[in-house]
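# Observations on the model geometry
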Amino acid sequence: MKTKKEMRRIKHFLMFMAGLILTGLPLKAQYEETTDKTSSPYFFIRNGDPDTECFPLKATSAEVSISGVIADVHLFQTYRNEGKKTIEAIYIFPASSRAAVYHMVMHIGEREITAVVQPRDLARQNYEAAKRNGQTVSLLEQERPNIFTMNVANILPGDEVNVEMHYTELLIPENNIYSFVLPAVVGPRYTGKDGQGRNTDPWAANPYLEEGVTPEYSWEVKVQITAGMPIKALHSPSHEIITAFKGRSAASVWLKNKEAFQGDRDFILEYRLAGNRIETGLLLYRGKEENFFLAMVQPPVSIRPEMIPPREYIFIVDISGSMHGFPLDISKKLMKELTGELGPAERFNIVTFAGGSATFASSPVLATGENKAKALAFINSLQGSGGTELLPAIRKAMSIPAGEGFARSFVILTDGYVTVEKETFAYIRNHLNDANFFAFGIGSSVNRYLIEGIAHAGMGKDFVVIKPTEAAKAAKQFKAYVSTPVLTGIRVSYKGFTVNDQIPGDIPDLLGARPLIFFGKWNGDPAGEIRITGNGSKFSTTLKVSGRKPAKGNAVLAYLWAREKIRILDDFGDYRTDEKEQKEEITALGLKYNLLTRFTSFIALDSEIRNTSGEFSTVVQPLPLPQGVSNYAVGSAIGKKSLRFYGSSPAPNRSGSSEFTVYETELTDNLLPEMEGKTIHAFKPVTFKGGPDALKNFLKSNVIIPEDLKIQGVHGVVFARVFIDSEGKVEKIVIVRSLNPAADREARRVLKQTSGLWQPARQNGKKVKASIVIPVKFQVRKTS
């Protein structure tokens, strides 16, 4: 017999299929997916068409219910078409990297349509078919474990469409502090192309509002906490909040200043229970076909080993454009604290990266006072600009020879605004050897998927630092984690309790004061016990199963178990070579447990044909830049010393003119050659012969606006890294951020002609190779 819930799902699915059949749509309709010609973020430019709604998203809010260690989140998005043309709205938004998305519903007026889960390709095909057929349809897809795309098609003029999404996640306390994070905005991602020149992540081609511009949608969050124990302290390090307690163990939280937009940074809520206790024990759920458990074990008091081997640290610091200003200021403060924690017998080195990479010293140096002072001078001289070539920098850092007798740790500081997460995880896992990898997320809205994944693959720990005042605390926590692992050699055994599918199968060493957590399925009756040992059997504890009763309120354990299984299989990858088998397994999990995954999507379809003309405009919702992130992250405006140059089209006429705008860095974004700390102030960057005016005249005479750009009305920026040899000649040109093929070709053509017109960089008076990033803005304007 099917449960009522399962019967409802079947009913909704049959209604959905009936809608496709009645409207004459093929179940596997062929469609042509259209994507931007660039995979890079760009600044929003209003198209000037007053009949088309440019900002369809009007409101987004979250209602959060925290019960014990489990958070259940309801996200609400309101789309309204205030224009005169039918639109398709596309919105890229974040959620927790651990979110188990299990439900979606779409509201159109009084009608409510519950979404169904389908294999991703089929869901996309059905969405495209319904869109062409004039039906209002919504599609939720996963781009990354923490990044989703909401597509809503055929929003008619005057329509208001509300989409509701539910997810659950497990809250894991650390140092006796519970932390709930609601990501608010996706930062601009530095993207790449595959071996055939195709965009690897078209979703990243998203429009952004310029720094300081407030979006036209509202953002709100409300939280209800039922802790089960008295709450000792509750606060938000990210937002001003109002708190209303209901007894000692429950509280309501909401934003203090609702009028001001506060959705440009992650919402973080932290609380501590009385007596610094954390919830431990065993949660059980008995389902119709499967039973699930969640075990939480209090960690032992950290025991410092009698002999700690000297350590060697390789710090990898992101100085790309998105780190310009406030985020890099945090990194500088954090590096001061991290190096300050090093003892004189320890060694360190620093690798910085943007479009290229540079090294503080040719080999790790001892952490003497003199060397730490030189390192700080090196760090404080850095400016943020250029691309984010993360993986080459990690390869470079991990190729530095290790010192004999030293335990090595790699430490990366970045906002994580890249799309090469899986490649990074795989490289770290395959080249880690006996080292550890720690990751610090820097800023108000970091890519937590990357930060957590690096730590997971590197058998280390992740941290997030949102402001400079947190740097000292984070540095001390890091030093404690590195020096004193809490629990090693962990083993779990079951006596009288039949268990299968324990996750994780092999439990890694426990770093820091956080509980040991694992999931599993169980059969029969809840009886017997679970025994956990570690530290060479010096630590041992037992969880009694007998006498515990499964609770219906623990039904979310099925979602959490499946999400953790997917997290191990896919998010961080198990690095299997059989991708087909992996896809099939993840798809089966998504369909069975009604979850959003990389290979399964939610689709909600209104059976009514509402857009009879079949005409619509696609509008991608512009996003705000995360708090503290400057325009350098996208590239429209590159600084106070920006220069504007003009070029002419092949056939100028009196009725209109084309403008070619180049924004130039301060000529400090150079690929520094490897150097010892003592030589860092002897570097002179590459400059154009004759100075800025000469470059201005050269571009004015040689730049041609491509016809493709004039026809398509394309606006945006090409970022090109120009490599200059020791003779001032152009060695190569790399497009680090693309606009479209025609613009890329024109940027290459003009910049190649600058060969021989550069004053080469100098190191200690000697001519050396260097590079500079030149952002080239294309903007076609008509004037009367």
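It should be noted that the structure appears before, not after, this text.
The helix and strand inventory of the protein stands at 13 helices and 42 strands. For the protein, the residues scored as buried account for 58% of the 784 residues in total. For the protein, restricting intrachain contacts to residue pairs at least 6 apart in sequence, the fraction spanning at least 24 positions comes to 76%. For the protein, the exposed surface amounts to about 33000 Å²; the carbon and sulfur share of it is 50%.

Considering all chains together, one arrives at 25 aromatic pairs under this definition. The interplanar angle of 50° and the centroid separation of 5.7 Å between the aromatic rings of Phe292 and Trp561 together place this pair among those described as tilted. Of this pair, Phe292 sits in strand 19 (residues 291–297) while Trp561 sits in helix 9 (residues 557–571); the two residues are 269 residues apart in sequence, bridging distant segments of the chain. Comparing Phe292 with Trp561, the two get one shared label, buried. Judged by centre distance (5.3 Å) and plane angle (20°), the rings of Phe410 and Phe437 are stacked.

With that settled, the discussion passes to helix 6 (residues 421–431). Helical geometry: 3.6 residues make up each α-helical turn, so side chains three or four residues apart lie on a common side. All of the buried residues in helix 6 are Glu421, Thr424, Phe425, Ala426, Tyr427 and Ile428. The first or second residue beyond helix 6 is Asn433, which carries a positive phi of 55°.

Quick look at the nonpolar core now. For soluble globular proteins, nonpolar side chains are generally found buried alongside one another. In terms of nonpolar packing, the biggest core is built from 98 residues, with Leu140, Leu182 and Phe267 touching the most fellow members. When sequence neighbours within four positions are dropped, the list of residues in contact with Leu140 reads Phe93, Val101, Met104, Phe148, Thr149, Met150, Met165, Leu596, Ser601 and Phe602.

A separate point is helix 7 (residues 448–457). Burial runs high along helix 7: nine of the 10 residues are buried. Along helix 7, the residues classified as buried are Arg448, Tyr449, Leu450, Ile451, Glu452, Gly453, Ile454, Ala455 and Ala457. Remark: Met459 follows helix 7 within two positions and exhibits a positive phi of approximately 55°.

A few words on the pattern of salt bridges. Within the structure shown, the criterion is met by 37 salt bridges. The salt bridge partner of Glu128 is Lys131, with a shortest N-O separation of 3.1 Å. Pair noted here: Glu128 and Lys131 are both in helix 2 (residues 120–133), with a separation of three residues, about one helical turn. Note that Asp159 is salt-bridged to Arg610, the shortest N-O span being 2.7 Å. In this pair, Asp159 sits in the loop between strand 9 (147–155) and strand 10 (160–170) while Arg610 sits in the loop between strand 32 (600–609) and strand 33 (617–620), placing the two residues 451 residues apart along the sequence. For Asp159, a relative accessible area of 11% puts it in the buried group. Judged by its relative accessible area of 17%, Arg610 falls in the buried class. One network of salt bridges, in which partners are shared, links Glu88, Arg120, Arg124, Glu128, Lys131, Glu141 and Glu143.

Relative to the assigned elements, Asn151 resides in strand 9. The exposure class of Asn151 is buried, given its relative accessible area of 3%. Each residue touching Asn151, except ones within four places of it in the same chain, is listed here: Ala89, Ile90, Arg124, Tyr127, Val137, Ser138, Leu139 and Glu141.

Within strand 32, seven of the 10 residues are buried, which leaves the element mostly enclosed by the surrounding structure. When strand 7 (residues 116–119) meets strand 32, the two strands line up antiparallel, connected through four bridges. Residue pairing for strand 32: Val116 is matched across the bridge by Ile603. Of the strand pairs in this sheet, strand 8 (residues 135–144) and strand 32 are connected by five bridges, and their pairing is antiparallel. Bridge pairing links Leu140 to Phe602 in strand 32.

The subject of this paragraph is the packing of helix 5 (residues 390–398) against helix 6. Viewed as axis vectors pointing N to C, helix 5 and helix 6 meet at an angle of 10°, and their least axial separation amounts to 10 Å. For the element pair helix 5 / helix 6, the angle class is roughly parallel. Side by side, helix 5 and helix 6 meet where Leu390, Leu391, Ile394, Arg395 and Met398 of the first sit next to Glu423, Thr424, Tyr427, Ile428 and His431 of the second. Of the residues assigned to the contact of helix 5 with helix 6, the class counts are six nonpolar, two polar and two charged.

Turning our attention to a positive patch on the surface. Among the surface-exposed residues, Lys684, Lys689, Arg762 and Lys767 lie close enough to one another that they form a single positively charged patch. Along the chain, Lys689 turns up in the loop between strand 36 (687–688) and helix 11 (692–702). Residue Lys689 is classed as partly exposed on the basis of its relative accessible area of 37%.

Reading across the sheet, the three strands line up as 11-17-14 and stay open at both edges, with antiparallel pairing between neighbours. Single-partner strands in this sheet number two, and they are strand 11 (177–182) and strand 14 (231–235). Neighbour-to-neighbour, the strand axes of this sheet turn through a mean angle of 15°, independent of strand direction. When strand 11 meets strand 17 (residues 267–273), the two strands line up antiparallel, connected through six bridges. Within the sheet, the bridge partner assigned to Ser179 lies in strand 17 and is Glu270.

Across the sheet, which stays open at both edges, the three strands sit in the order 27-30-31 with antiparallel pairing between neighbours. Looking at strand neighbours, the two that pair on one side only are strand 27 (491–495) and strand 31 (539–544), the edges of this open sheet. Across the sheet, the axes of successive neighbouring strands diverge by a mean angle of 20°, strand direction being ignored. Across six bridges, strand 30 (residues 529–534) lies against strand 31 in antiparallel orientation. Paired with Glu529 across the strands is Lys544, a residue of strand 31.

Conventions and cut-offs
Residues numbered from 1 in each chain as written. Predicted model: local features only at pLDDT ≥ 70, side-chain atom pairs only at ≥ 80, totals over all residues. Heavy atoms only, no water. Helix = DSSP H or I, 4+ residues; strand = E, 2+ residues; numbered from the N terminus. Buried < 20%, exposed > 50% of the residue type's maximum accessible area, 1.4 Å probe, protein only. Contact = heavy atoms within 4.5 Å. Areas by Shrake-Rupley, 256 points an atom, 1.4 Å probe, with all protein chains shown as cover. Phe/Tyr/Trp six-rings, centres within 6.5 Å; stacked < 30°, edge-to-face > 60°. Core = buried A, V, L, I, M, F, W, Y, C linked by side-chain atoms within 4.5 Å. Salt bridge = Lys/Arg side-chain N within 4 Å of Asp/Glu carboxyl O. Pairing = 2+ DSSP bridges. Axes fitted to C-alpha atoms, helices over the stretch in contact; angles between N-to-C directions. Parallel < 35°, antiparallel > 145°, perpendicular 65-115°, else oblique. Nonpolar A, V, L, I, M, F, W, Y, C, P; charged D, E, K, R; others polar. Patch = residues over 30% accessible without salt bridge, like charges linked within 9 Å, V, L, I, M, F, W, Y side chains within 5 Å. Lys, Arg positive; Asp, Glu negative; His and termini not counted. Charge placed at Lys NZ, Arg CZ, Asp CG, Glu CD.

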